[in-house]
Amino acid sequence: MLLTAKMLVFALSGFLRVATGFDIGLSTKCVVIPKEMDMCHKIGYSEMRLPNLMGHTSMAEVILKSTTWQHLAHTDCHPHVRTFLCSLFAPICLDTFIHPCRSMCVAVRDSCAPVLACHGHLWPDSLDCDRFPADEDMCLASLTKEYKYLHKVLPKPACQACPAVEEFFTHKRVLEVFCDSNFAVKVKLSKKRTVFGGQEYNIECQVEFITQGSLLPYETQSMIQQWLLINENCTQRMTPTYRPMVYLLVGNIEEGIILVNQVYRWQRRDSQLTLATQKWRYHKCL
């Protein structure tokens, strides 16, 4: 769901609106994108302009201010969220600054503002889309329509209330829930502190079953990872300590939206979930 290097070159060549960009001037310089800004790695270039388009004048300031956006970028709330954010925090080294077009800002905002709201934040004034140039000017345009032709459009995770974690159940009850669900994914969660005092999650997924159209296991894994990042309050509840925790997430896909309805704690010596997943292959729903 990320813009590749080839697509970025395509964007810069085919979707830059021809007009006069403003001069960078002698006060800016090219610097290597720091390792702390992992959201801006593998986006098609490795050096950025400093000061950037957010007005940050030092690398320390860039790293500090960009960390608050790393989590949003990793949710893949829009196919071009990283391109949009990195064009501002780590603009590519060209002869002129290239702003994102207003249309790209609007597209990213409309997709990602609900994710920010899920975390209790509003779309900030510093990213007011009216500050960006119209599409007829020189700017980085959204490739959303073209992207849909080049990539499979997958269901989107929803911001939702956290399902209660169930720890006591029988395999027969779990099979009944499976019959009413589109997917079941085994998830191993762990977390660690970042250098800035935040939380960083490691998410490993194994698909037990998926019955929704043409979705593939790796696509389902990716969607569940996004669900856990978007619904971080649920992920926090599921990782009360720094020990790895294992769960089974079960839910449905309705009108292109992923909803997790059941969360089962998968403890090491628990036989009921193991038995349910083994019997599911041959189980006939009523």
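Here the residue numbers are simple positions, counted from 1 along each chain's written sequence. With the structure being a predicted model, the display of local features is reserved for residues of pLDDT at least 70 and the display and counting of side-chain atom pairs for 80 or more, all residues being used for whole-chain, interface and lining totals. Excluded from the side-chain calculations are hydrogens and water; all other atoms, namely the structure's heavy atoms, are used.

## Some remarks on the state of the cysteines
Then, number 1: For the purposes of this analysis, a disulfide is any pair of cysteine sulfur atoms at a distance within 2.5 Å. This model, assessed by the stated rule, comprises 8 disulfides.
Then, number 2: Covalent S-S linkage joins Cys40 and Cys86, the inter-sulfur distance amounting to 2.0 Å. Torsion about the S-S bond of the Cys40 and Cys86 cystine: about -100 degrees, corresponding to left-handed handedness. Of this pair, Cys40 sits in the loop between β1 (29-32) and β2 (47-50) while Cys86 sits in helix α3 (residues 81-89), placing them 46 residues apart in sequence. The pair formed by Cys40 and Cys86 is uniform in burial state, with each residue classed as buried.
Then, number 3: One disulfide bridge connects Cys101 with Cys139, the sulfur atoms lying 1.8 Å from each other. On the S-S bond that ties Cys101 to Cys139, the torsion sits near 85 degrees, and the link is right-handed. In this pair, Cys101 sits in the loop between α3 and α4 (102-118) while Cys139 sits in the loop between α4 and α5 (144-150), placing the two residues 38 residues apart along the sequence.
Then, number 4: Look at Cys139 and you get buried, because its relative accessible area is 0%. Only DSSP runs of H or I with at least four residues qualify as helices, and only runs of E with at least two residues qualify as strands; both kinds are numbered from the N terminus onward. Buried residues are those whose accessible area, probed at 1.4 Å on protein chains only, stays under 20% of the maximum for their type, while exposed residues exceed 50% and partly exposed ones sit between those limits.

## Overview of the confidence of the model for the chain
Atomic detail in the predicted coordinates should be set aside for any region of low pLDDT.
Then, number 1: Here pLDDT means the predictor's own confidence in every residue, given as a number from 0 to 100. Across the chain, the average pLDDT comes to 84, with 85% of residues at 70 or higher.
Then, number 2: Counted against residues more than four places away or in other chains, residues 1-26, with its pLDDT under 50, gives 63 contacts. Throughout, a contact is declared for two residues whenever any of their heavy atoms are within 4.5 Å.

## Digging into the environment of Gly251
Then, number 1: Tracing the backbone shows Gly251 in strand β7 (residues 245-254).
Then, number 2: For Gly251, a relative accessible area of 0% translates into the label buried.
Then, number 3: Along the sequence, Gly251 and Ser181 sit 70 residues apart, while their C-alpha atoms lie 5.3 Å from each other.
Then, number 4: Setting aside residues up to four positions removed in sequence, Gly251 forms contacts with Ser181, Asn182, Phe183, Leu259, Val260 and Asn261.

## Re the packing of aromatic side chains
Then, number 1: Any Phe, Tyr or Trp ring, taking Trp's six-membered ring, that has another such ring centre within 6.5 Å forms a pair; planes under 30 degrees apart are called stacked, those over 60 apart edge-to-face, and the others tilted. Within this structure, the stated rule accounts for 7 aromatic pairs.
Then, number 2: Between Phe169 and Tyr264, the aromatic rings sit 4.9 Å apart at their centres with planes inclined by 75 degrees, giving edge-to-face as the arrangement. Placement of Phe169 in the loop between β4 (165-166) and α6 (171-179) and of Tyr264 in strand β8 (residues 257-265) is noted, with a sequence separation of 95 residues between them.
Then, number 3: Judged by its relative accessible area of 14%, Phe169 is buried.
Then, number 4: Here the aromatic cluster, defined as three or more aromatic residues joined through ring pairs, consists of Trp69, Phe84, Trp123 and Phe132.

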